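A closer look at the structure
Each chain is listed here by its residues.
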Amino acid sequence: MSDEMFDYHREMTEIVVTATIDEPDDFVWVMNLEHRKRYLYFMENIMGVCPDDSESFGFGIMTGEPRNGEPIELCSREDYFDNK
């Protein structure tokens, strides 16, 4: 990752608007511990909001390694665990 701050809000917005989601409760954000810390820092210090560490955009956040190699991944819980 470069020294430039990753824009979690922009990336998550782009993912959400392009995703095909039938049942939102079945989907979850996946990010590792380092990116969860960076996400909280970004939301508090760059966006100026008090983030909820358990959800974003209405989707739960779980700790894990995104399979797509990106800092974050939005995927169905079932698909993540079946293909891990």
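An account of the accompanying structure is given in this report. (Residues numbered from 1 in each chain as written. Predicted model: local features only at pLDDT ≥ 70, side-chain atom pairs only at ≥ 80, totals over all residues. Heavy atoms only, no water.)

**Here's the deal with the overall build of the chain**
The following threshold applies: Where helices and strands are cited, they refer to DSSP runs of H or I of at least four residues and of E of at least two residues respectively, numbered from the N terminus. We compute the radius of gyration from the C-alpha atoms alone; for a globule the expected value is 2.2 Å times N to the 0.38, where N is the number of residues. Working rule for contacts: check all heavy atoms of both residues, and any pair within 4.5 Å makes them a contact. Here the accessible surface of atoms and residues is derived via Shrake-Rupley with a 1.4 Å probe, and residues count as covered only by protein chains that are part of the display. Working convention for charge: Lys and Arg count positive, Asp and Glu count negative, and His plus the chain ends are omitted. Throughout, a charge is located at the NZ atom of Lys, the CZ atom of Arg, the CG atom of Asp or the CD atom of Glu.
Secondary structure summary: the chain contains 3 helices and 4 strands in total. Taken from N to C terminus, the helices and strands of the chain fall in the order α-β-α-β-β-β-α. Taken over C-alpha atoms, the radius of gyration comes to 12 Å for the chain, in line with the 12 Å a tight globule of 84 residues would show. Projected onto its principal axes, the C-alpha positions of the chain cover 35 × 20 × 20 Å. Across the chain, contacts joining residues at least 24 apart in sequence account for 70% of those joining residues at least 6 apart. Of the roughly 5500 Å² of accessible surface on the chain, 46% is carried by carbon and sulfur atoms. Charged side chains of the chain number 7 positive and 20 negative; the gap between the two group centres comes to 6 Å.

**Quick word on the packing of aromatic side chains**
Our working rule: Aromatic contacts are taken between Phe, Tyr and Trp rings whose centres are within 6.5 Å, Trp giving its six-membered ring; a plane angle under 30 degrees counts as stacked, one over 60 as edge-to-face, and the others as tilted. Throughout this description, buried means an accessible area under 20% of the type-specific maximum (1.4 Å probe, protein chains only), exposed means over 50%, and partly exposed covers the range between.
Per the stated rule, a full pass over the model turns up 5 aromatic pairs. Look at Tyr-8 and Tyr-39: their rings are 6.0 Å apart centre to centre, the planes differ by 80 degrees, and that puts the pair in the edge-to-face class. You can see Tyr-8 sitting in helix α1 (residues 8–18) and its partner Tyr-39 sitting in helix α2 (residues 33–46), a full 31 residues away along the chain. Tyr-39 shares its class with Tyr-8; the two are buried. An aromatic cluster of three or more residues is present, and its members are Phe-6, Tyr-8, Tyr-39 and Phe-42.

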